[in-house]
Amino acid sequence: MRLREAIRDKNLIKREIIAGITGFFAISYIIIVNPMILKDAGIPTDLSVFATIISSLIGCLIMGFWANAPVILTPGMGVNAFFTYTVVVSMGLSWQEALAISMVASVIYVLIAFTKLSQVLADGIPDTLKAGITAGIGLFLVEIGLEKAQLIQAGKSSILALGDLTQPATLLAMFGLLLTLFLYIRNVTGGFFIGIFVTSLLGILFGIKDQASPSVGIGDIAKYSQIVGKGDFSHVFSVAFVLAVFSMTMILVFESMGLLEGIMPNPKKFKKAFQASSITSFLSGALGTSPTVAAAESASAIESGGRTGITAIVAGLMFAVSMFFIPLLSFVPQAAIAPVIIITGALMMNQLSRINMFDFSDWFPAFLIVVLIPFTTSISTGLAFGFVAYPILKIAAGRAKELTVATYVLGGLFLCDLVLSALL
């Protein structure tokens, strides 16, 4: 459905608005978390808040008007960690050089997105791996949701352990989960948004809130120009710069490709959505933040009924409004957002049924993707192991004829990415 046609349908507009608001609240934590991560790279928190919001606003509008897809674009959690802790902290480059690396990697991303190469790479992904990508992202969302609900935490004698069920925030999250599940099962329109609103209201009444938001007001935007257009390209031909560009390009291209393949309700919109993501990724570097990618939490908007670009546009407008109310976001606790993320992740995991469990060469690579995405908290790492394992197992099984040139290329690229990631 075209955007103009969608606007004429009042019922559809209502559903899309609810989906956009739901998706925004599911990813709204990025407004606070992204600046906190970039702070370790040296970018001032009170300025990167605006970079995060503005890049998300522009990205959502481009996604809505250009691709007409219900996908929210924000600075990615995996790539911002690579930006800060690998490029700046480990490699010793400045945040200005890291911005330049982001922009160069994004230019390559744009070139891929606007040529036939994007479709060739997308078509080269076997169906079993596509299902594994969706399920892996779903399990990743479940893990994120459980952490936000404080139902799981780092264990003393194990990787994870059960959280403290006597904590008010945990009890609030469990209430929200039960309420949202009830609304979902009953097919209540806007059930996810209602769950977030009621749980947040209950949190306010009982004084349950997260840590304070950054001390920043709309007046601080006057200083925002200090980080705009500050990319440092003076060492563009150095070995460190080139290696960082390669790794970041792999993260941007294949994390976005995998996520869009996993959550897009209409596969026909993939190409334009991929293009919208690439353009915004480049702009984010110029705006002073780490690259934007399609947010996995977009799945919450899609599960709420989002099917067109109106969803993305509404989410973008919510980002614009949030600029004036950043401190008020603390009144929407993580415990209220967690249930929506958990349920969305669980729904995405039904893609496991599409994987042929009786063919080891099919399901084991998919299995690696499913478990390594949440265990490493990196979509690109999960994809890398799965795509490298797939051709190896097919060759070992004497079924190399099932492989395409694109499958070999993807496996080789991901192998290079794993090697470089280990060396960086």
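Residues numbered from 1 in each chain as written. Predicted model: local features only at pLDDT ≥ 70, side-chain atom pairs only at ≥ 80, totals over all residues. Heavy atoms only, no water.

Caption draft 1: Quick look at the overall build of the chain. When its secondary structure is counted, the chain shows 18 helices and four strands. For the chain, the C-alpha radius of gyration of 21 Å lies close to 22 Å, the compact-globule estimate for 424 residues. The long-range share in the chain, meaning contacts at least 24 apart out of those at least 6 apart in sequence, stands at 80%. Side-chain charges in the chain split into 24 positive and 22 negative, and the spacing between the mean points of these groups amounts to 10 Å. (Helix = DSSP H or I, 4+ residues; strand = E, 2+ residues; numbered from the N terminus. Rg over C-alpha atoms; globule rule 2.2 N^0.38 Å. Contact = heavy atoms within 4.5 Å. Lys, Arg positive; Asp, Glu negative; His and termini not counted. Charge placed at Lys NZ, Arg CZ, Asp CG, Glu CD.)

Caption draft 2: The arrangement of the pattern of salt bridges in detail. Inspection of the entire model under this criterion finds nine salt bridges. Among the ionic pairs, K223 bridges to D46, the shortest N-O distance being 3.3 Å. Here K223 is found in the loop between α10 (191-205) and α11 (239-263), whereas its partner D46 is found in helix α4 (residues 45-67), with 177 residues between them in sequence. Note that E402 and K394 form a salt bridge whose closest N and O atoms lie 3.2 Å from each other. In this structure E402 comes out as partly exposed when scored by relative accessible area, which is 42%. Residues joined by salt bridges that share partners form a network here, namely D359, D362, K394, R399 and E402. (Salt bridge = Lys/Arg side-chain N within 4 Å of Asp/Glu carboxyl O. Buried < 20%, exposed > 50% of the residue type's maximum accessible area, 1.4 Å probe, protein only.)

Caption draft 3: Up close: helix α5 (residues 77-90). Listing the buried residues of α5 in full gives V79, N80, F82, F83, T84, V87 and V88. On the buried face of α5, the contacting elements are α3 (30-39), α6 (95-113) and α11. Just past α5, the residue G92 takes up positive phi, approximately 75 degrees.

Caption draft 4: Quick look at the nonpolar core. I31, M63, F254, F274 and F319 are the most contacted members of the largest nonpolar core, which totals 110 residues. Top contributing element to this core by residue count: α11, with 13 residues. Not counting the four nearest positions on each side in its chain, F254 is found in contact with L121, L383, L410, L413 and F414. Counting residues in hydrophobic clusters, the runner-up holds eight residues, among them A149, L172, A173 and A335. (Core = buried A, V, L, I, M, F, W, Y, C linked by side-chain atoms within 4.5 Å.)

Caption draft 5: Spotlight on the side chain of T180. When you line up the elements, T180 lands in helix α9 (residues 168-185). The class of T180 is buried, set by a relative accessible area of 1%. Aside from chain neighbours lying at most four places away, what touches T180 is G191, F192, G195, P339, V340 and I343.

Caption draft 6: Representation of the environment of I227 within the structure. Residue placement: I227 occurs in the loop between α10 and α11. Between the C-alpha atom of I227 and that of I355, which follows or precedes it by 128 residues, the distance is 46 Å.

Caption draft 7: Structural view of unusual backbone geometry. With phi around 50 degrees, N68 is a residue other than glycine that occupies positive phi space. Look at N68 and you get buried, because its relative accessible area is 9%. Positive phi values are uncommon outside glycine, yet Q150 reaches one of about 60 degrees.

Caption draft 8: Seen up close, a nonpolar patch on the surface. A cluster of nonpolar side chains, F175, V188, I194, F197, V198, L201, L205 and F206, forms an exposed patch at the surface whose accessible area comes to about 740 Å². Broken down by element, the nonpolar patch gets its largest block of residues, five residues, from α10. For V198, the position within the fold is in helix α10. Classification of V198 as partly exposed rests on a relative accessible area of 30%. (Patch = residues over 30% accessible without salt bridge, like charges linked within 9 Å, V, L, I, M, F, W, Y side chains within 5 Å. Areas by Shrake-Rupley, 256 points an atom, 1.4 Å probe, with all protein chains shown as cover.)

Caption draft 9: Just the layout of surface pockets, in detail. A volume near 1000 Å³ is recorded for the largest pocket. Per-element tally for the lining of the largest pocket: the top contributor is α5, with eight residues. Along the lines of polarity and charge, the residues of the lining of the largest pocket split into 28 nonpolar, 14 polar and eight charged. As a volume, the second largest pocket reaches approximately 500 Å³. For the lining of the second largest pocket, the element with the highest residue contribution is α11, accounting for four residues. (1 Å grid on protein atoms, 1.4 Å probe; cavity = no way out; pocket = protein on both sides within 12 Å on 5 of 7 lines; lining within 4 Å. Points joined across faces, edges and corners; volume = space filled by probe spheres on them. Nonpolar A, V, L, I, M, F, W, Y, C, P; charged D, E, K, R; others polar.)

Caption draft 10: Broad picture of the confidence of the model for the chain. For the chain, per-residue confidence averages 89 on the pLDDT scale, and 96% of positions sit at 70 or higher. Per-element confidence in the chain is highest for α6, whose mean pLDDT is 97, and lowest for helix α1 (residues 3-8), whose mean pLDDT is 62. (pLDDT = per-residue confidence, 0-100.)

Caption draft 11: Region of the structure containing the packing of aromatic side chains. In the structure shown here, the tally under the stated rule is 13 aromatic pairs. With centroids separated by 5.4 Å and ring planes inclined at 15 degrees, the aromatic side chains of F270 and F274 adopt a geometry described as stacked. Taken as a pair, F270 and F274 lie in helix α12 (residues 270-287) at a separation of four residues, close to a single helical turn. We note that F270, like F274, is buried. Three or more aromatic residues joined by ring pairs form one cluster here, namely F24, F25, F193 and F319. One cation-aromatic arrangement involves K148 over Y29; the distance from NZ or CZ to the ring centre is 3.6 Å. The ring of W66 carries the charged tip of K272 above its face, separated from the ring centre by 4.6 Å. (Phe/Tyr/Trp six-rings, centres within 6.5 Å; stacked < 30°, edge-to-face > 60°. Lys NZ or Arg CZ within 6 Å of the ring centre and 35° of its normal.)

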